[in-house]
Amino acid sequence: MIYCHTGRVRMSSHNMAVEPTTEPLKVFIWSTGRSLSNAFLKCMTYVPDTIAWHEPYSKIGKFSDVVASSAIVPDAESRPVRNLVKNLGGASAVAKIESGYDASDKDYDWLKEQLESDLPDGKSMLFVKDNGAIIGRLALHDKIPKGFRHTFLIRNPKISIMSRAKMYLKTLQTKSVNLDGQNTPFFQKNEYLNALWKYVKSEGLESRPVIIDVDDLLENPKEILEAYCKEIGIPFTEDLLTWPAGDEVMTKLWMVPKQSILIFRILGFGDKAFAHTEFKKLPVSAFDGSSKDDEFINMIKQFPSSLPISMEDVKEVIDSEMPYYEEMFSKRLTVNK
């Protein structure tokens, strides 16, 4: 067992008396990119006596030399990310990170064993957030641990694609880093998330997979969170509606690779999520696919020549993604107002 944090950073308002569950609870929240999943994990981290893992399947696939040598992850996909770590200081820089685990020597068998292990004394919930596409793309279904609830976080691709494109451009414009060869701004794969949702049902891993649509959560945070907590069997308190700002949740509370912390500290990936202190509805941009979508057209013009993107490319991605999203949306958690 490598569970390394023994306490929880709490603001005074988080000193809440909640009866522990009689049996330890283990929960996955599977999502696609740009669906506020980091903010959701941050929120659930403040459920008392919780251990939170951040994207272990995705990050081991990116950072593990063991996985890379086994060809589970295509070299063209993992090499750019491992090269990025090298460019940021490599093994010596990783070793200086005080928290987290070194993912370079880990594999998916190790991960499954960790997640299936008993929780340490005093802990009552293990909460794991990851990108659902990783399971289908790498055929990792046999690496899914037993004994978990499986829940899902979805978002309209027209919104998440705009969000990802903005993040991608911000990184290109403000950081001295080459992102060529990594996931394009429009990588989504709701198809894989949808397939995972059906898989956990058909294989008897989850009889009632809870689905949250992010924009429902932003519209009605209290009602959606309360309903979600009830569905997975944990107490809800209003303290879950606000949390401390800052990245301490990642650097001190989450089970996360040292490589992820290194990249975050230098490049700032996820900094907006760590600034969140609540789920709050804000104006968002959505791709409308028209020739008058000036905001999106302007972003496309700023992409590097090594990544040529056209409006037609984006339309094709969205058209392929929407049916999978809409099917899950029809089964989402809803509340009466």
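Here the structure is shown first, and the text comes after it.
Since the structure is predicted, the reported quantities are computational estimates derived from the model, not experimental observations.

(A) Expanded view of the overall build of the chain. Along the backbone of the chain there are 16 helices and six strands. By the burial criterion, 53% of the 337 residues in the chain qualify as buried. If you take every contact in the chain between residues at least 6 apart in sequence, the share linking residues at least 24 apart comes to 83%. Total accessible area on the chain is roughly 15,500 Å²; 48% of this is exposed by carbon and sulfur atoms.

(B) Structural detail: helix α4 (residues 75-87). The terminal C-alpha atoms of α4 lie 17 Å apart, and with 13 residues this matches the ideal 18 Å at 1.5 Å per residue to within 8%. Restricting attention to buried positions, one finds in α4 the residues S78, P80, V81, R82, L84 and V85.

(C) Representation of the nonpolar core. With 88 residues, the main nonpolar core has F40, M44, W53, Y57 and Y228 as its most contacted residues. Ranked by residue count, the leading element in this core is helix α11 (residues 221-232), at six residues. Leave out the neighbours within four places in its chain, and Y228 touches V27, I29, F40, M44, F127, T151, V210, I212 and L333.

(D) Inspection of the packing of aromatic side chains at higher detail. This model, assessed by the stated rule, comprises 15 aromatic pairs. Measuring from ring centre to ring centre gives 6.0 Å for W30 and Y57, while their planes differ by 45°; the resulting arrangement is tilted. Of this pair, W30 sits in strand β1 (residues 25-31) while Y57 is found in helix α2 (residues 56-63), placing the two residues 27 residues apart along the sequence. Across the pair, exposure class does not vary: W30 and Y57 are buried alike. Look at Y325 and F329: their rings are 5.6 Å apart centre to centre, the planes differ by 40°, and that puts the pair in the tilted class. With Y325 and F329 both in helix α16 (residues 311-329) and four residues apart, this pair spans about one turn of that helix. On the basis of relative accessible area, Y325 is assigned to the buried category, the value being 6%. The structure contains a cluster of three or more aromatic residues connected by ring pairs, namely F28, W30, Y57, Y108 and F148. For K106, the ring lying beneath its charged end belongs to W110, and the centroid distance is 5.3 Å. Here K201 stacks its cationic end above the ring of W197, 3.8 Å away from the centre of that ring.

(E) Expanded view of the side chain of S260. With respect to the helices, strands and loops of the structure, S260 is situated in helix α13 (residues 258-267). Those residues in contact with S260 that lie beyond four places of it in its chain are K59, F63 and M250.

(F) Quick peek at a negative patch on the surface. A contiguous patch of negative charge, built from E312, D313, E316 and D319, is present on the exposed surface. With respect to the secondary-structure elements, D319 resides in helix α16.

(G) Region of interest: the sheet that holds β1. The six strands lie next to each other as β5-β4-β1-β3-β2-β6, forming an open sheet whose pairing is parallel. If you trace the sheet from one side to the other, it starts and ends with β5 (210-213) and β6 (254-255), each paired once. As judged from the four bridges shared by strand β4 (residues 149-154) and β5, these two strands associate in the parallel manner. From the neighbouring strand, L153 faces β5, where its bridge partner is I212. The strands touched by helix α6 (residues 108-116) are β1, β2 (50-54) and β3 (125-131); relative to β2, the strand with the most contacts, the crossing angle is about 160°. In the packing of helix α9 (residues 190-202) onto the sheet, the strands contacted are β1, β4 and β5, and the crossing angle to β4 comes to about 155°.

About the criteria used
- Residues numbered from 1 in each chain as written.
- Predicted model: local features only at pLDDT ≥ 70, side-chain atom pairs only at ≥ 80, totals over all residues.
- Heavy atoms only, no water.
- Helix = DSSP H or I, 4+ residues; strand = E, 2+ residues; numbered from the N terminus.
- Buried < 20%, exposed > 50% of the residue type's maximum accessible area, 1.4 Å probe, protein only.
- Contact = heavy atoms within 4.5 Å.
- Areas by Shrake-Rupley, 256 points an atom, 1.4 Å probe, with all protein chains shown as cover.
- Expected span 1.5 Å × (residues − 1).
- Core = buried A, V, L, I, M, F, W, Y, C linked by side-chain atoms within 4.5 Å.
- Phe/Tyr/Trp six-rings, centres within 6.5 Å; stacked < 30°, edge-to-face > 60°.
- Lys NZ or Arg CZ within 6 Å of the ring centre and 35° of its normal.
- Patch = residues over 30% accessible without salt bridge, like charges linked within 9 Å, V, L, I, M, F, W, Y side chains within 5 Å.
- Salt bridge = Lys/Arg side-chain N within 4 Å of Asp/Glu carboxyl O.
- Lys, Arg positive; Asp, Glu negative; His and termini not counted.
- Charge placed at Lys NZ, Arg CZ, Asp CG, Glu CD.
- Pairing = 2+ DSSP bridges.
- Axes fitted to C-alpha atoms, helices over the stretch in contact; angles between N-to-C directions.

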